[in-house]
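Each chain, written out:
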Amino acid sequence: MNDDTKQTGLALQGIRVLDFTWIHAGPSATRILSDQGAEVIKVESNNALSVVGGPASATARGLGQRHNWNAGKLSISLNMKTPQGIDIAKRLVAVSDVVAENFSGRVMPSWGLDYDSIRPINPNIIMLSMSGFGRTGPWKDRVSYGQTLQAWSGFTQLTGFPDADPSGPASAYSDAVGGMAGAQAVLLALIHRSRTGRGQWLDVSQFESLSSLLDTLALDMSVNGSAAVATRTGNRQPHGGGAPHGAYRCSGEDRWVAITVFTDEEWLAFAKALGDPQWAADQRFSSCDARERNADALDACVETWTLKHTAEEVMSRLQAAGIAAGVVQTGADLARDPQLKARGFFQLVPDHQGEMRIIESAPYKMSRTPSTVTRGAPAFAADMTYVLRELLGMSDDEVDECAIAGAFD
């Protein structure tokens, strides 16, 4: 093993995160930190809203994405409606490096756990607050969910075809984007603290995280106004996207392949790969500009050929000819994708009952500090003994008194 690949432990080993997050955006942010060795203590409640990932009293714990978004974490149960529950949370702040939450702006202050309140407890603490719109501005107190936030950010307006209604992503894409932004902010704050010894408050807006992905939409509208390119262009790029450029139906049920041809040289190679069909010599398709002007007619011609072949056959033939082409993969396709398999992207890890669960791994490889996940999400409140007795040093009497007071949800 050379010096560049000598392993030196996990990148965030020794970092402790007190995790109040729930649903998707927050847990996915802290899952990234957990993957890199941070000890993430997830504060959970048996009274949480019954949503994917739970837990909630009306659902079987461990369903949905819980094992994915909370893999490798620890779990404790606190009733934050009790003074004892809040006191334990504050004692955990004192021994943590990061506090993470994705509630509305009123929740943490109501517990005395907002940034200004926890700084006296731990002056070096880093606090991650992830909300729909951030903690300033006229919408700071609004709550949001994925589909509505995607629409408000302008993202939904981009997705769909010109003559159809906006569609938007089928899943809560905003949560995944917000989670990555939140983890990035924590890593930057940890770098800053390592230099200065000072913590800080991280105010992450999922609205802004999404809006940063809008490509040239805002710029185009601000410069060109009503002359701006239509925002919904289907599978085609709005600015010089080449032709053919789109997703084309293939043989089989709901099977598609994406194809892009940019240059005249690529067009000749494309036509040759198709066997030089007669329509390829049509004057409407004689140049890049001509093909873009007649893109609808060209798409219809291309699909007469793709429908005769499987998506995999089309991809293989066109790629061999140097043409950009890729199967529009389903979830089943991804589960058996040879590239993802070779990279170990999907991992089998045991849950608290020993049942093997499939989770996602980190989408990058680090030669010195490789991330690792060895277990799925914890059982609800599985780590009370470690956290209360070993970490906080609470006596049996203290624990009993807190239990009688209802501090453990």
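Before any of the text, the structure's been laid out above.
Described in the following lines is the structure provided in the data block. (Residues numbered from 1 in each chain as written. Predicted model: local features only at pLDDT ≥ 70, side-chain atom pairs only at ≥ 80, totals over all residues. Heavy atoms only, no water.)

## Some words on helix 3 (residues 83–94)
Here is step 1 of the chain: Helix length check: helix 3 (12 residues) gives 17 Å between terminal C-alpha atoms against 16 Å at 1.5 Å per residue, within 8%.
Here is step 2 of the chain: Buried residues of helix 3: Gly85, Ile86, Ile88, Ala89, Leu92 and Val93, and no others. The buried residues of helix 3 all sit within an arc of 160° when viewed along its axis, so they share a single face. (Helix = DSSP H or I, 4+ residues; strand = E, 2+ residues; numbered from the N terminus. Expected span 1.5 Å × (residues − 1). Buried < 20%, exposed > 50% of the residue type's maximum accessible area, 1.4 Å probe, protein only. Arc of directions from axis to C-beta.)

## So, the pairing of strand 5 (residues 126–131)
Here is step 1 of the chain: Taken across its 6 residues, strand 5 has 6 buried, putting it largely inside the fold.
Here is step 2 of the chain: Residue alternation in strand 5 divides its side chains into two sets, Ile126, Leu128 and Met130 and Met127, Ser129 and Ser131, and both sets are buried.
Here is step 3 of the chain: As paired strands, strand 4 (residues 98–101) and strand 5 are joined by 4 bridges and run parallel to one another. Bridge assignment links Glu101 to a residue of strand 5, and that residue is Ser129.
Here is step 4 of the chain: Note: strand 5 against strand 6 (residues 201–205), 5 bridges, orientation parallel. In the strand pairing of strand 6, Ser131 is matched with Ser205. (Pairing = 2+ DSSP bridges.)

## Some thoughts on helix 13 (residues 295–306)
Note on helix geometry: an α-helix contains 3.6 residues per turn, so any two residues three or four positions apart are oriented the same way.
Here is step 1 of the chain: With 12 residues, helix 13 should reach 16 Å at 1.5 Å per residue; the first-to-last C-alpha distance of 16 Å fits that figure.
Here is step 2 of the chain: If you check which residues of helix 13 are buried, you get Ala295, Leu298, Asp299, Cys301, Val302, Trp305 and Thr306. Projected down its long axis, helix 13 shows its buried positions confined to an angular sector of 165°, all on one face.
Here is step 3 of the chain: Buried residues along helix 13 sit in contact with strand 7 (245–249), strand 8 (256–260), helix 11 (264–273), helix 12 (288–293) and helix 14 (311–320). (Contact = heavy atoms within 4.5 Å.)

## Side note on the sheet that holds strand 9 (residues 324–327)
Here is step 1 of the chain: The sheet built from 3 strands is open, its strands ordered 7-8-9 with antiparallel pairing. Strands with a single pairing partner mark the edges of an open sheet, and in this sheet they are strand 7 and strand 9. Strand-to-strand twist of the sheet, defined as the mean angle between neighbouring strand axes without regard to direction, takes the value 20°.
Here is step 2 of the chain: For strand 8 and strand 9, the ladder comprises 4 bridges, and the chain directions are antiparallel. Residue pairing in the sheet places Thr260 in a bridge with Ala324 of strand 9. (Axes fitted to C-alpha atoms, helices over the stretch in contact; angles between N-to-C directions.)

## Section: the packing of aromatic side chains
Here is step 1 of the chain: In total, this model carries 13 aromatic pairs according to the counting rule given.
Here is step 2 of the chain: For the pair Trp279 and Phe285, a centre-to-centre distance of 6.5 Å together with 85° between the ring planes defines the contact as edge-to-face. This pair shows no difference in class: Trp279 is buried, exactly as Phe285 is.
Here is step 3 of the chain: Connected via pairs of aromatic rings, a cluster forms that spans Phe20, Trp22, Phe103 and Trp111.
Here is step 4 of the chain: Cation over ring: Arg142 sits above Trp139, and NZ or CZ is 4.0 Å from the ring centre. (Phe/Tyr/Trp six-rings, centres within 6.5 Å; stacked < 30°, edge-to-face > 60°. Lys NZ or Arg CZ within 6 Å of the ring centre and 35° of its normal.)

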